[in-house]
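Residue strings, one per chain:
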Amino acid sequence: MANFTKITFLVLLLGLTEVSVKAELLATAEGYTPGINTKVADVVVEGKVTSSKGEPLPGVTVVAKGTANGATTGVDGTFALRLPQASGTLVFSFVGFVSKEVPLTGQTTVNVVLQEDTKALEEVVVVGYGTQKKSDVTGAVSSVKAEEIQELPITNAAQALQGRVAGVNVTMAGTRPGAGVEVRVRGNRSFSANNDPLYVLDGIPITGGINDIAPQDIASIEVLKDASATAIYGSRGANGVVLVTTKRGTVGKPQVTYDTYIGFSQALGKIDMMNGAEFAEYKRESRRATGDYDDSNPQASDEELFEPVELESIRSGRSTDYQEHMLRKGVIQNHQLGVNGGTENTRYAISLNYFEDNGIIKIQDMSRYTLRVNLDQQIGDRIKIGVSSLASRSVLNGLDLNPYDDALAENPLGVPYDEEGNLIFLPTNDGLRSNPLSEIQDGAHVNREDRFRIFSSLYGELKIAEGLTYRLNFGPDLIQSRKGNFTGRYTNARRGNDPTAHTDENQVFNYTLENIVNYNKTFAGKHSLNFTGLYSVQQRQQEETRIDVQGVPAEGMRYHNLGAASKVTGVGSYYQKWNILSYMARANYGYDSRYLLTLTGRADGSSRFAEGNKWGFFPSVALGWNVSNEAFMQDVSWLTTLRMRASYGETGNTGINPYQTQGTLSRTTYSFGNTGLFGFRPGSIRNDALRWETTTSYNVGVDYGLWNNRVSGSIELYRQNTRDLLLQRQLPFTSGFGSVLENIGSTRNSGIEFGLSAIIIPGNDFNWSVDLNAFANREEIVELYGGKTDDVGSQWFIGQPINVYYDYEKIGIWQLGEEEQADQFGQVPGEIRVRDVNGDNQITAADRVILGTPRPSWQGGMTHRFAYKNFDLSFFVFGQFGNTIISNIHEGGPINLFGRYNSLDVDYWTPENPTNAYPRPNQNQESPIYASTLRYFSGSFVKVRNINLGYNLPETLTEKVGLSSVRVYATAQQPLIFSSYVSDHKGIDPEFPRQDTPSYSQYLLGLNVRF
């Protein structure tokens, strides 16, 4: 099936015929009422727009000057525009190219060549509270555009950052539908505070993540990495800032689009557990190790060891693969309908999206409905208003359930179904095991989250004077979620006892109000000044209630009638509220497009801190030099762009929860006479001196472009020192408390980032381009508790990353003939041998060593894009290297080796098989001594993350059905992984090495239609 998936999709597309695509738009004739066309257009002006290299330019806006009549070029650069007559002027504009005006003097064919701006990187990028030409940016900012996002069939838009943005590490939070991702920008900084970046959606900081946004709605994602870029967000910028900008309306006739894909998901593989015969021998060996199996009379020994159903399976060669029964092919689909258009005064973009991901395990799925409305309205010459609204409803099933773990542990000699096909709840007589397939029966487990979100970004902008504007932003964000859980009688958790249920209601309301003054002026033709001032208020309020019950009378009630349960086992509620008040000023100065200066200062006051420490001030300064604009560089024709940047600044992290400086109360019990009563006692020590965690950043960067920017990119070097980290200082228990929270730690991150984009082969019929990035980050602890002493108990070590693996080092298995040496350590042959680091002939805690860290030494990604006539092909490769992983399938249940539960099919030691890989099974130990040493592996890997093949249908075909363009495509998502963990150690995915729903690949067919 896998070969069918990878080959058949391509054959289907290669059978299509190659042509060009033509876009055709109607517009209001000049001289008539706007919006009502009372005159039949009688002239069609058509043509093609190309770059100076002869490449067709799709997406170029073509507008009849002074009117709302416009068109957009198709994928082959062609356009068609109806006009009252062949006169006037056509305006051609496209981001990154110099706009061009072409007078019409009766001609109806207009072919235009747009020139790239070779003097500077004129790409516009989103920065905090505005946009800038890339050539004017002095901070470290990386961008991912809509085209790159849409190449990937992703659930969460943050997944598009993986391998595409240098300095950003994206890891999976899980493999179940809707699980999300973890994003780290230039490493971890804090021990106890949140290390997630700040997300800003359409200019408004948000706290609920971006999983509710349809990726197809996003125009670009910018990542702000250094202090010059992030200091404008002050206390929330220490971990980096991710700016998400959604698509907005454009001038022209309404354009209707429909984008869809559908496909299937399949597990990358099954974990190699023992089959029935292997399990039987493994169980025997666990008894031989303790002298409880007599090989001289194996029949009698087997009859004593195995129960009847196991003996029957052994005799008949029967074996049950519970993974095979539990896994299925998942189905994923996405549908998006959009309308985009507008006039010079009114622009709109509206979209509806439906996404569904039915996972590879029956009870795990996700669906999401999204409505987005973006409006911009110009009122006269001075006022502009607009809104970006998002309404989203998501349903997640099974996100908190892991039945796959039970499938791995189940005895393969058991029988899951009787002769009539009915499920057998207890396949064997093991008192702790039930049939794992009962966990995925309809109604056995219900784990459902309904999430509803309404977010809006409303603005009003007033032009006060030339270059001076005032803008008001208001961003309310409401998230309502309800989790319901039900565990039926016939599950391993209840094993025939009364069903349980609980519900959890959570509501979050967040709003941001911003007042922004912006001044933009150019003096004497060479001095440019941009000033931004901000006054902002943000508030977040959260409420939560929960109830748990036992004894639901009818399983069909699930969690919908908790009052009917026989017992209430828990009731709880929660409330939290915090505010931030902010002032910010930023000045950008440029001289002659050569010398750049950015100064930023932001003051934040947080309600989380006590009086005297509420306010923090976060400044930054950055310098830029456009070397390529110097006179002495004008004769260097091969060097198009050379820009040097340097920045310094400070950003903050709140680091504490609301009310944490005030101390807490904990519930307690006491005796009043003969009566037991509840009361309260101090739960933690109050500390009014807690203050902001602060990160000081240094960054130097070089942006380059060679041969008219045919090769371009950037190099960044940085160091970030974080001080006043919040740590629990240990106290003697005689004080009544074990610890107190204080600002007593510091860390450092330093690294290098490299990015390169190149057009390898330019051309009309065939072109090839590549994007490449790589980066290395070193994370280290500098100080703990005010000194340079390691905290071994917390596994924090000076000079090491925050997270390390500190354990004994396995060097083999004790062998026959080494009995005397093993006895010195209290061990016998067949057991794990670890290194005696200090050579004292005993294994103690002092023999533990740092085995590795989950932080990669370096990582990167590479995307290749090819186009041949109407065909396009891209593939994306991502890799990370130098990290260590903990494999959960190599610890605990799947490899306990005590002969009760099924085990990973490993090369274990026996007297006849003197391996150094895994120890001898032993029924008297539920886990081998030093078993934790078996779980560490190299996490290095290279993944082919995505392969996408597309074809644009012929114009002769699309015109017949009234369409502007049609593209069909096939995508393979994560089809290949290269890793020693997979090839040598029975792992499935080094990016997610857990005994959970397996990682999967996806194969899709998609369609993009423009009406």
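What you see is a predicted model, and the numbers here were worked out from it, not measured in a lab. (Residues numbered from 1 in each chain as written. Predicted model: local features only at pLDDT ≥ 70, side-chain atom pairs only at ≥ 80, totals over all residues. Heavy atoms only, no water.)

Asks: What's the story with the overall build of the chain in this structure? I'm lost.
Replies: In terms of regular secondary structure, the chain is built from 11 helices and 47 strands. Here the C-alpha radius of gyration of the chain, 32 Å, is about what a compact globule of 1011 residues would show, namely 30 Å. Burial statistics for the chain: of 1011 residues in total, 53% are counted as buried. Looking at the chain alone, contacts between residues at least 24 apart form 69% of all its contacts between residues at least 6 apart. Working note: accessible area of the chain is about 42900 Å², and carbon and sulfur atoms make up 54% of it. Averaging the positions of the 91 positive and the 110 negative side-chain charges in the chain gives two centres separated by 8 Å. (Helix = DSSP H or I, 4+ residues; strand = E, 2+ residues; numbered from the N terminus. Rg over C-alpha atoms; globule rule 2.2 N^0.38 Å. Buried < 20%, exposed > 50% of the residue type's maximum accessible area, 1.4 Å probe, protein only. Contact = heavy atoms within 4.5 Å. Areas by Shrake-Rupley, 256 points an atom, 1.4 Å probe, with all protein chains shown as cover. Lys, Arg positive; Asp, Glu negative; His and termini not counted. Charge placed at Lys NZ, Arg CZ, Asp CG, Glu CD.)

Asks: Quick question: what am I supposed to make of the environment of Ile889 here?
Replies: For Ile889, the location among the structural elements is in the loop between strand S43 (884-886) and strand S44 (936-938). Here Ile889 falls in the buried class, since its relative accessible area comes to 3%. Considering only alpha carbons, one finds Ile889 and Asn687, 202 residues apart in sequence, at a separation of 43 Å. Filtering out sequence-adjacent residues up to four positions away, Ile889 remains in contact with Ile271, Pro894, Ile895, Leu904, Tyr981, Lys986, Gly987, Pro993, Arg994 and Gln995.

Asks: How should helix H6 (residues 308-316) be read in this particular structure?
Replies: Three or four residues apart is the spacing at which side chains of an α-helix point the same way, because the helix has 3.6 residues per turn. Within the sequence span of H6, burial applies to Glu310, Leu311 and Ser313. What you see down the axis of H6 is that its buried residues fit within an arc of 160 degrees, all on one side. With respect to the buried face of H6, the exposed residues turned more than 90 degrees away are Pro308 and Arg315. Elements in contact with the buried residues of H6: helix H4 (276-288) and helix H5 (298-305). Directly beyond the C-terminal end of H6, a positive phi value near 75 degrees is found at Gly317. (Arc of directions from axis to C-beta.)

Asks: Any chance you could explain empty space enclosed by the protein here in plain terms?
Replies: Take a probe with the size of a water molecule and roll it over the atoms, and the empty space left behind shows itself. In total, this model carries seven cavities of 30 Å³ or more according to the counting rule given. When its volume is computed, the largest cavity comes out at roughly 460 Å³. Lining of the largest cavity is provided by 30 residues; of these, Gln159, Met172, Arg945, Gln973 and Tyr1000 occupy positions nearest its centre. Sorting the residues of the lining of the largest cavity by element identifies strand S12 (168-172), strand S46 (965-978) and strand S47 (1000-1010) as the ones contributing at least two each. (1 Å grid on protein atoms, 1.4 Å probe; cavity = no way out; pocket = protein on both sides within 12 Å on 5 of 7 lines; lining within 4 Å. Points joined across faces, edges and corners; volume = space filled by probe spheres on them.)

Asks: I would appreciate a short explanation of unusual backbone geometry in the present structure.
Replies: Note: most residues except glycine have negative phi, and most peptide bonds are trans. Phi angles above zero are rare outside glycine, and Trp707 is one such case at about 55 degrees. In this fold, Trp707 is placed in the loop between strand S33 (693-706) and strand S34 (711-730). Although it is not a glycine, Lys986 sits at a positive phi angle of roughly 65 degrees.

Asks: For this particular structure, what's the right way to read the pattern of salt bridges?
Replies: Side chains bearing opposite charge may pair, as long as their charged atoms lie close to each other. Under the counting rule described, the total for this entry stands at 59 salt bridges. Among the salt bridges present, the one from Glu466 reaches Lys463, with a minimum N-O distance of 3.5 Å. Here Arg833 and Glu818 are joined by a salt bridge, their closest N and O atoms 3.7 Å apart. Residue Arg833 is located in strand S39 (residues 832-834), and its partner Glu818 is located in the loop between strand S38 (810-813) and helix H9 (819-823); the two are separated by 15 residues in the primary sequence. Here the salt bridges share partners, and the residues they tie into one network are Glu281, Arg284, Glu285, Arg288, Asp295, Asp302 and Arg920. (Salt bridge = Lys/Arg side-chain N within 4 Å of Asp/Glu carboxyl O.)

Asks: Honestly, the sheet that holds strand S11 (residues 141-145) in this entry has me stumped. Any pointers?
Replies: Either a parallel or an antiparallel arrangement is found when strands of a sheet pair, and the pairing is made through backbone hydrogen bonds. The strand order S11-S16-S17-S14-S15 describes an open sheet built from five strands, whose pairing is mixed. Unpaired on one side and paired on the other, S11 and strand S15 (204-206) mark the two borders of the sheet. Each adjacent strand pair in this sheet contributes to an overall mean axis angle of 25 degrees, direction not counted. Strand direction decides the pairing type here: strand S14 (residues 198-201) and strand S17 (residues 241-246), joined by four bridges, are parallel. (Pairing = 2+ DSSP bridges. Axes fitted to C-alpha atoms, helices over the stretch in contact; angles between N-to-C directions.)

Asks: When you look at the nonpolar core in this model, what are you seeing that I'm missing?
Replies: What tends to happen in soluble globular proteins is that the nonpolar side chains get buried as a cluster. Ile271, Met326, Ile361, Tyr404, Val906 and Tyr918 are the most contacted members of the largest nonpolar core, which totals 45 residues. The residues touching Val906, leaving out its near neighbours within four places in the chain, are Ile895, Leu897 and Tyr918. Counting 29 residues, the second largest nonpolar core, distinct from the first, contains Val170, Tyr199, Leu201 and Phe455. (Core = buried A, V, L, I, M, F, W, Y, C linked by side-chain atoms within 4.5 Å.)

Asks: Where do I start with the domain arrangement of the chain in this structure?
Replies: Interfaces are often sized by the amount of accessible area the parts lose when they come together. Considered domain by domain, the chain is made up of domain 1 (43-116) and domain 2 (120-249). Here domain 1 and domain 2 have C-alpha centroids that lie 34 Å from each other. (Domains from an automatic or database assignment.)

Asks: I'm lost on the side chain of Lys283 in this one. Help?
Replies: Mapped onto the fold, Lys283 is located in helix H4. Separated by 3.1 Å, the side chains of Lys283 and Glu310 make a polar contact. For Lys283, the residues in contact, after removing those within four places along its chain, are Leu305, Phe306, Glu310 and Gly899. (Polar contact = N/O pair within 3.5 Å; in protein donor to acceptor, adjacent residues only side chain to side chain.)

Asks: Sorry if this is basic, but what is going on with the packing of aromatic side chains here?
Replies: Any aromatic ring pair is given by two values, namely how distant the centres are and how the planes are angled relative to each other. Applying the stated criterion to the full structure yields 26 aromatic pairs. Where Phe79 meets Phe92, the ring centres are 5.6 Å apart and the plane angle is 75 degrees; that geometry is what we call edge-to-face. Of this pair, Phe79 sits in strand S5 (residues 78-83) while Phe92 sits in strand S6 (residues 87-93), placing them 13 residues apart in sequence. Relative accessible area serves as the criterion here: at 1%, Phe79 is assigned to the buried category. Exposure remark for Phe92: the relative accessible area of 0% places this residue in the buried category. Seen from their ring centres, Phe474 and Tyr511 are 6.2 Å apart, and the 45 degrees between their planes marks the pair as tilted. Separated by 37 residues along the polypeptide, Phe474 in strand S24 (residues 468-487) and Tyr511 in strand S25 (residues 500-523) bring together distant segments of the chain. (Phe/Tyr/Trp six-rings, centres within 6.5 Å; stacked < 30°, edge-to-face > 60°.)

Asks: For this particular structure, what's the right way to read the environment of Phe992?
Replies: For Phe992, the location among the structural elements is in the loop between helix H11 (980-983) and S47. Classification of Phe992 by relative accessible area gives buried; the value is 5%. Along the sequence, Phe992 and Val537 sit 455 residues apart, while their C-alpha atoms lie 39 Å from each other. If we ignore the near neighbours within four places in the chain, the residues touching Phe992 are Met172, Ala173, Gly174, Thr175, Thr997 and Ser999.

Asks: Help me understand H4 in this model?
Replies: Compared with an ideal rise of 1.5 Å per residue, which puts 13 residues at 18 Å, H4 spans 19 Å between its outermost C-alpha atoms and is within 8% of the ideal. Looking only at H4, the buried set comprises Gly276, Phe279, Ala280, Tyr282, Lys283, Arg284, Glu285, Ser286 and Arg287. The inward-facing, buried residues of H4 abut H5 and H6. Looking at where H4 begins, the residue whose side-chain oxygen comes 3.2 Å from the main-chain nitrogen of Ala277 is Asn275. (Expected span 1.5 Å × (residues − 1).)

Asks: Quick question: what am I supposed to make of the side chain of Asn506 here?
Replies: Structurally, Asn506 is set in strand S25. Residue Asn506 is classed as buried on the basis of its relative accessible area, which comes to 14%. Here the side chain of Asn506 touches Glu544 through a polar contact of 3.4 Å, side chain to side chain. Ignoring any residue separated from it by four or fewer positions in sequence, one finds Asn506 in contact with Ile479, Gln480, Ser481, Gln542, Glu543 and Glu544.

Asks: Looking at this structure, how should I read a nonpolar patch on the surface?
Replies: A cluster of nonpolar side chains, contributed by Val700, Ile715, Leu717, Ile752, Phe754 and Leu772, occupies part of the molecular surface with about 440 Å² of accessible area. Only S34 and strand S35 (739-761) provide two or more residues apiece to the nonpolar patch. Tracing the backbone shows Ile715 in strand S34. (Patch = residues over 30% accessible without salt bridge, like charges linked within 9 Å, V, L, I, M, F, W, Y side chains within 5 Å.)

Asks: Can you walk me through the sheet that holds S6 in this structure?
Replies: Strand order in the open sheet formed by four strands is S4-S3-S6-S7, with antiparallel pairing between adjacent strands. The sheet terminates laterally at strand S4 (70-72) and strand S7 (100-105), the two strands that pair on one side only. Shown here is a sheet whose adjacent strand axes are inclined to one another by a mean of 20 degrees, direction ignored. Here six bridges tie S6 to S7, and the two strands are oriented antiparallel to one another. Within S7, the residue paired with Val91 across the bridge is Glu101.

Asks: Would you mind going over the pairing of strand S18 (residues 252-267) with me for this structure?
Replies: A regular strand carries its side chains on alternate faces of the sheet. Bridge count between S18 and strand S19 (residues 330-342): 12 bridges; the pairing is antiparallel. If you follow Phe264 over to S19, its bridge partner there is Val331. With 11 bridges connecting them, S18 and S47 associate as antiparallel partners. Bridge pairing links Ile262 to Leu1005 in S47.

Asks: Just to check I follow, could you spell out the pairing of strand S3 (residues 61-64) for this structure?
Replies: With three bridges joining them, S3 and S4 adopt antiparallel strand pairing. Bridging across to S4, Val62 finds its partner in Ala71. Turn length for the S3-S4 hairpin, with the two strands adjacent in sequence and antiparallel, is five residues, and the turn residue Gly66 shows positive phi of about 85 degrees. Sheet topology note: the S3/S6 ladder contains four bridges and is antiparallel. From the neighbouring strand, Ala64 faces S6, where its bridge partner is Leu90.

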